[in-house]
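# Structural overview
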Amino acid sequence: MNPNLDHISPVAEASPDAAPESASAVALGRLAAGNARLAAAIEAAEDPRAALSAFARADPYAVILGCSDSRVPPEIVFDETVGQLFVVRVASGVAGPNEIGSIEYALARWGCPVLVVLGHTQCGGIAAALDKLPPGAEPPFDARGSMHLGSLLSGIRSGLGPTAAISASSDPWRAAAEQNVRRTVELLLNWSEPIRRRVTEGRLAVVGAVYEVESAQVRFLDG
Ligand SMILES: [Zn+2]
């Protein structure tokens, strides 16, 4: 984790005499308070200038394509500091033109030698794309009235491909996450000439991985 900043509390303290506020104002206040704690911790560091420069340096050695799920932030999952990972996050890790373009940018800019497609178990987006919900899954959300959400769900569904094997699996969460990751790796190699070229030249490894929410462990998939 970031050195010298370990004392920052991850949860904002609520003031007992605070006036009733809207949920939005409370949430925004929590974000602002968190950033104020970060700024204060940098200020209080033994060498504030060095502490600040650690936040300003971008030198990523890995690109991560992952899901927006709040439980799977790559910097936490891989215990990395600011500036070390180039992260592209979108629901269920769907790789469309914008995501692939972002990855290509990072590869061209920093020459990162590894690209990890990071799926995870209990992925709500994938569950919504299955014909049969995995155990414990919430009912699929109603995308009616949201053209963009509807389009996202179709993207997840087509990226995932046939789902019969997932439904028949004894661990559908894991099977779904794994199939989604493997197909995304294939898609990246098929659709992106820069990614494919780097792999052929031995300058890049594209690796699938599944974060298991149940154990907080990442399982890297064989090629
Ligand atoms: Zn997810």
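What you see is a predicted model, and the numbers here were worked out from it, not measured in a lab.

## Comments concerning the overall build of the protein
For the protein, the count of helices and strands is 9 helices and 5 strands. Put simply, the protein runs from its N terminus to its C terminus through helices and strands in the order α-α-β-α-β-α-β-α-α-α-α-α-β-β. Dimensions of the protein, computed from the C-alpha atoms along their principal axes, are close to 55 × 50 × 35 Å. Within the protein, the fraction of its 223 residues that count as buried is 27%.

## Remarks on the environment of Asp171
Within the element layout of this structure, Asp171 appears in the loop between helix H7 (164-168) and helix H8 (172-191). Each C-alpha atom of the pair Asp171 and Asp59 lies 38 Å from the other, and the pair is 112 residues apart in sequence.

## Some remarks on the domain arrangement of the protein
Per the domain assignment, the segments of the protein are domain 1 (1-56) and domain 2 (58-220). With centres defined by C-alpha atoms, the gap from domain 1 to domain 2 works out at 30 Å.

## Comments concerning the sheet that holds strand S3 (residues 114-120)
In spatial order, the strands read S2-S1-S3-S4-S5; together these 5 strands make up an open sheet with mixed pairing. The open sheet has two edge strands, strand S2 (85-89) and strand S5 (217-220), and neither has a second partner. Direction aside, neighbouring strands of the sheet carry axes that sit 25 degrees apart on average. Where strand S1 (residues 62-66) and S3 come together, 5 bridges link them in parallel fashion. Its bridge partner being in S3, Val63 is matched across the sheet by Leu115. Against the sheet, H8 makes contact with S3 and strand S4 (205-212), and its axis sits at roughly 160 degrees relative to S4, the strand it touches most.

## Let's talk about unusual backbone geometry
Positioned with a positive phi, Asp79 is a non-glycine residue whose angle comes to about 50 degrees. Structurally, the position occupied by Asp79 is in the loop between helix H3 (74-77) and S2. The class of Asp79 is exposed, set by 7 C-beta atoms lying within 10 Å. For Ser92, which is not a glycine, the phi torsion comes out positive at approximately 60 degrees. Mapping Ser92 onto the fold places it in the loop between S2 and helix H4 (97-110).

## Some remarks on the nonpolar core
Formed by 41 residues in total, the largest nonpolar core has its most connected members in Val63, Leu65, Ile103 and Ile126. Per-element accounting of this core gives the leading share, 6 residues, to H8. Apart from residues no more than four positions distant in its own chain, Val63 is found in contact with Phe86, Ile103, Ala106, Leu107, Cys112 and Leu115.

## Digging into the packing of H4 against helix H9 (residues 193-200)
Between H4 and H9, the least distance of the axes is 9 Å, while the angle of their chain directions is 45 degrees. Taken as axis vectors, H4 and H9 run oblique relative to one another. In contact with Ile103, Glu104, Leu107 and Ala108 of H4, H9 contributes Pro194, Ile195 and Arg198. Looking at the contact of H4 with H9 residue by residue, the class counts come to 5 nonpolar, no polar and 2 charged.

## A short note on the pairing of S4
Strand direction decides the pairing type here: S3 and S4, joined by 7 bridges, are parallel. The residue bridging Val114 from the neighbouring strand is Ala205, located in S4. Looking at chain direction, S4 and S5 are connected through 4 bridges and run antiparallel. Paired with Tyr211 across the two strands is Val218, which belongs to S5.

## Describing helix H1 (residues 23-44)
The end-to-end C-alpha separation of H1 is 31 Å, in line with the 32 Å expected for 22 residues at 1.5 Å each. Within H1, only 0 of the 22 residues are buried, leaving the element largely exposed.

## Things to note about the environment of Val90
Residue position: Val90 is located in the loop between S2 and H4. Accessibility expressed as a C-beta count within 10 Å gives 19 for Val90, which makes it partly exposed. Once the C-alpha coordinates of Val90 and Gly66 are considered, the two residues, 24 residues apart in sequence, prove to be 6.6 Å apart.

Conventions and cut-offs
Residues numbered from 1 in each chain as written. Predicted model: local features only at pLDDT ≥ 70, side-chain atom pairs only at ≥ 80, totals over all residues. Helix = DSSP H or I, 4+ residues; strand = E, 2+ residues; numbered from the N terminus. Buried ≥ 20, exposed ≤ 12 C-beta atoms within 10 Å, placed from the backbone. Domains from an automatic or database assignment. Pairing = 2+ DSSP bridges. Axes fitted to C-alpha atoms, helices over the stretch in contact; angles between N-to-C directions. Contact = placed C-beta atoms within 7 Å. Core = buried A, V, L, I, M, F, W, Y, C linked by C-beta atoms within 7 Å. Parallel < 35°, antiparallel > 145°, perpendicular 65-115°, else oblique. Nonpolar A, V, L, I, M, F, W, Y, C, P; charged D, E, K, R; others polar. Expected span 1.5 Å × (residues − 1).

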